[in-house]
There are 2 protein chains.
Amino acid sequence: MTNDQLAQRLLYAIQNNRVDGAGQIARQALSGLADYCSQAHLTEGDIQQACRLARQLQRIRPSMAPLQQLLGTWLREVEQNDLSFAQAAAHAMQLVQYSKEAVARSASAMVQRIKPGSVVITHSWSSTIRELFCLLSQWPCQAIVTESRPGCEGYRTAELMSELEIPCRLITDAQMGVWFENADMAVIGADMLLEDGSIVNKAGSYLLALAAKAANKPFYVCCETFKQVDLLPSMVELEQHNGNELGAPSLAHIEIKNQYFEVVPAHLITEVVTEQASPQKLP
Amino acid sequence: MTNDQLAQRLLYAIQNNRVDGAGQIARQALSGLADYCSQAHLTEGDIQQACRLARQLQRIRPSMAPLQQLLGTWLREVEQNDLSFAQAAAHAMQLVQYSKEAVARSASAMVQRIKPGSVVITHSWSSTIRELFCLLSQWPCQAIVTESRPGCEGYRTAELMSELEIPCRLITDAQMGVWFENADMAVIGADMLLEDGSIVNKAGSYLLALAAKAANKPFYVCCETFKQVDLLPSMVELEQHNGNELGAPSLAHIEIKNQYFEVVPAHLITEVVTEQASPQKLP
């Protein structure tokens, strides 16, 4: 496989990953960059090829804050310190590890806010939510999980609950209001933390936050600080994908919209729980 | 076909109608009763068979207020006035006609509250919404329509918009919050009007009402007064259907919930618009 084919394969995989959260996609991109740098047929003079690929990866998913942040950190390190391919590959994998630890620490901090026996409602799928429920499975708890159309990442969350033997109700997105009365709190991940304290996450998150507010119950966001960006809600480009993903009939005068992400304003969020309770040192 | 087979066929059709609104289902039941009464092989002594069938129809869909109301009116008339089969059949069809007129009058009253050029967001499907958009298609307006999982009645609403050539965006239920900023108001039908001013409608209606409130935009309910019942929200039996309808994977420890209806509390409703602006006389 040529360098160009390797790069194209990675770009395609990142562009079309609709099922993972932003943190996991960033780790996928870093691991891919490490693989790229490890290819034996690359010459030392080609490190700028790898940097170009990193910038293309950033541009291809503009809504993915961790992709911007982690690849930005990697790019600065590679370019400022004139790293070799081997060093650049190793640094990418260090950042993957660092990101995984941040996820685990965020989930640990979140667990401290949940009483045993609680019913937690969540929406979509994210690495922090996975970590959180792995921890929660050690004491009695229950979950309510939404489908999260059109990608149905909620089915994956439900599979996790099944593996962890956590009693769980799976509902349509439309039912999140009526089922909230059976929940003690909502916890979701995030794709971006914005400057004004609002967050960006999968469409439907805003409705869940409104339902939490109406029920006077807490609405938590659990994620790593790598999701932080210096943007206000009005400056955020929210990804829209192909309407065909809905599987709806194609009709004259009807435009099928498939907005993946939306903003949850700060005033609806009880707390954004990150790894900062126990800070790490950047590798 | 025997009388019993006729009755069973009608009961089956009413029990399994998941796509029509409550008003249309009540009219379907009345038309079926008229057919039943018109069968030549029924003897005059059998009118109580028809009354029994009417009561079974009422019990089979307890959440359907118009079924309770319209069949209740029919039963009183048949039993108090000792109607013949021919008279009972005619009365059922008069009630069908009366109900249709109430739908048309409700929609006419609603239109007066919508400025030309408005963008109206709606959820699910109902006879009043159909009538409303037929009227609205005569001036410029736009629509935003949700899928309304799991039955996807929203596809039917989108088909109507397509036929009426009304520019329309079709969205997942999860997107109703983020798209509300593009709407001027929400209008939905209802399956029940409750004593305290709250209403019962398809799951997702409550979320739409919360989104309207958050956007400080009106949330209208348009339906006939036949949907009125003397119940408070805590007394309402909300239909739950088979979780298989979701098409989700079957997993250990996971219970798939399919609650069809939910309550929208009165304080979220701008106005319930009915035919009472121009009252009719009961046939």
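For the structure itself, look to the data block above.
The structure displayed is predicted, hence computed values, not measured ones.

Rules and cut-offs
Residues numbered from 1 in each chain as written. Chains lettered and ligands numbered in written order. Predicted model: local features only at pLDDT ≥ 70, side-chain atom pairs only at ≥ 80, totals over all residues. Heavy atoms only, no water. Helix = DSSP H or I, 4+ residues; strand = E, 2+ residues; numbered from the N terminus. Rg over C-alpha atoms; globule rule 2.2 N^0.38 Å. Buried < 20%, exposed > 50% of the residue type's maximum accessible area, 1.4 Å probe, protein only. Contact = heavy atoms within 4.5 Å. Areas by Shrake-Rupley, 256 points an atom, 1.4 Å probe, with all protein chains shown as cover. Lys, Arg positive; Asp, Glu negative; His and termini not counted. Charge placed at Lys NZ, Arg CZ, Asp CG, Glu CD. Expected span 1.5 Å × (residues − 1). Axes fitted to C-alpha atoms, helices over the stretch in contact; angles between N-to-C directions. Parallel < 35°, antiparallel > 145°, perpendicular 65-115°, else oblique. Left-handed = near helix turned anticlockwise from the far one by under 90°. Nonpolar A, V, L, I, M, F, W, Y, C, P; charged D, E, K, R; others polar. Polar contact = N/O pair within 3.5 Å; in protein donor to acceptor, adjacent residues only side chain to side chain. Salt bridge = Lys/Arg side-chain N within 4 Å of Asp/Glu carboxyl O. 1 Å grid on protein atoms, 1.4 Å probe; cavity = no way out; pocket = protein on both sides within 12 Å on 5 of 7 lines; lining within 4 Å. Points joined across faces, edges and corners; volume = space filled by probe spheres on them. Phe/Tyr/Trp six-rings, centres within 6.5 Å; stacked < 30°, edge-to-face > 60°. Lys NZ or Arg CZ within 6 Å of the ring centre and 35° of its normal. Core = buried A, V, L, I, M, F, W, Y, C linked by side-chain atoms within 4.5 Å.

(A) Just the overall build of chain A, in detail. Looking only at helices and strands, chain A has 9 helices and 10 strands in total. Against the globule reference of 19 Å for 283 residues, chain A gives a C-alpha radius of gyration of 20 Å, in line with a compact fold. By residue count, 58% of the 283 residues in chain A fall in the buried class. Long-range pairs, those at least 24 residues apart, make up 75% of the contacts in chain A with a sequence separation of at least 6. Taken as a whole, chain A presents about 11300 Å² of accessible surface, with 47% of it coming from carbon and sulfur. The centroid of the 22 positive side-chain charges in chain A is displaced by 2 Å from the centroid of its 30 negative side-chain charges.

(B) Spatial organisation of helix 4 (residues 65-80) of chain A. All names here are of chain A. The terminal C-alpha atoms of helix 4 lie 22 Å apart, and with 16 residues this matches the ideal 22 Å at 1.5 Å per residue to within 8%. Turning to helix 4, its buried residues number three or more, namely Ala-65, Pro-66, Leu-67, Leu-70, Leu-71, Gly-72, Thr-73, Trp-74, Leu-75 and Val-78. For helix 4, the elements touching its buried residues are helix 1 (3-15), helix 2 (22-38), helix 3 (47-60), helix 5 (85-111) and strand 5 (192-193).

(C) A look at the packing of helix 5 (residues 85-111) of chain B against helix 6 (residues 127-136) of chain B. Residues and elements named next belong to chain B. Contact geometry for helix 5 and helix 6: axes closest at 8 Å, N-to-C directions at 50 degrees. Considering their axes alone, helix 5 and helix 6 lie oblique with respect to each other. As for the relative orientation of helix 5 and helix 6, their crossing is right-handed in sense. Residues Val-103, Ala-104, Ser-106, Ala-107, Ser-108, Met-110 and Val-111 of helix 5 form the contact with helix 6, whose participating residues are Ser-127, Thr-128, Glu-131, Leu-132, Leu-135 and Leu-136. Residue composition of the contact of helix 5 with helix 6, by class: 8 nonpolar, 4 polar and 1 charged.

(D) Up close: the environment of Asp-20 of chain B. Residue and element names in this part refer to chain B. On the secondary structure map, Asp-20 appears in the loop between helix 1 (3-15) and helix 2 (22-38). Apart from the residues lying within four places of it in its own chain, the contact partners of Asp-20 are Ile-25, Trp-125 and Arg-156. Reaching out from Asp-20, the side chain makes a polar contact with the side chain of Asn-17 at a distance of 2.9 Å. For Asp-20, the side chain forms a polar contact with the side chain of Arg-156, separated by 2.9 Å.

(E) Looking closely at the pattern of salt bridges. Residues and elements named next belong to chain A. In total, this model carries 19 salt bridges over all chains according to the counting rule given. One salt bridge connects Glu-153 with Lys-202, and the closest N-O pair in it is separated by 2.6 Å. Here Glu-153 is found in helix 7 (residues 153-164), whereas its partner Lys-202 is found in strand 6 (residues 199-202), with 49 residues between them in sequence. There is no split in this pair, since Glu-153 and Lys-202 are both buried.

(F) Region of interest: the layout of surface pockets. Of the voids in this model, the largest pocket is the one considered here, and its volume is about 340 Å³. Lining the largest pocket are 18 residues, and of these Gly-177, Val-178 and Glu-181 of chain A together with Tyr-206 and Val-263 of chain B lie nearest its centre. Listed by contribution, the elements that provide at least two residues to the lining of the largest pocket are helix 8 (176-180) and helix 9 (205-215) of chain A together with helix 9 (205-215) and strand 9 (261-264) of chain B. Among the elements that take part in the lining of the largest pocket, helix 8 of chain A stands out by supplying 4 residues, more than any other. When its residues are assigned to classes, the lining of the largest pocket shows 12 nonpolar, 4 polar and 2 charged. Reported here for the second largest pocket is a volume of approximately 220 Å³. Lining the second largest pocket are Tyr-206, Leu-238, Glu-262, Val-263 and Pro-265 of chain A together with Gly-177, Val-178, Phe-180, Glu-181, Ala-211 and Ala-215 of chain B. Secondary structure elements with two or more residues in the lining of the second largest pocket: strand 9 (261-264) of chain A together with helix 8 (176-180) and helix 9 of chain B. Considering every element that reaches the lining of the second largest pocket, the biggest residue donor is helix 8 of chain B, with 3 residues. Tallied by class, residues from the lining of the second largest pocket come to 8 nonpolar, 1 polar and 2 charged.

(G) Geometry of the packing of aromatic side chains. In the structure shown here, the tally under the stated rule is 4 aromatic pairs over all chains. The ring of Tyr-260 of chain A carries the charged tip of Lys-202 of chain A above its face, separated from the ring centre by 5.2 Å.

(H) How the structure looks around the nonpolar core. If you look at the biggest cluster of nonpolar residues, it comprises 54 residues, and the most contacted ones within it are Phe-219 of chain A together with Phe-219 of chain B. For Phe-219 of chain B, the residues in contact, after removing those within four places along its chain, are Ala-186, Ile-188, Ser-205, Leu-208, Ala-209, Ala-212, Val-264, Leu-268, Ile-269, Thr-270 and Glu-271 of chain B.

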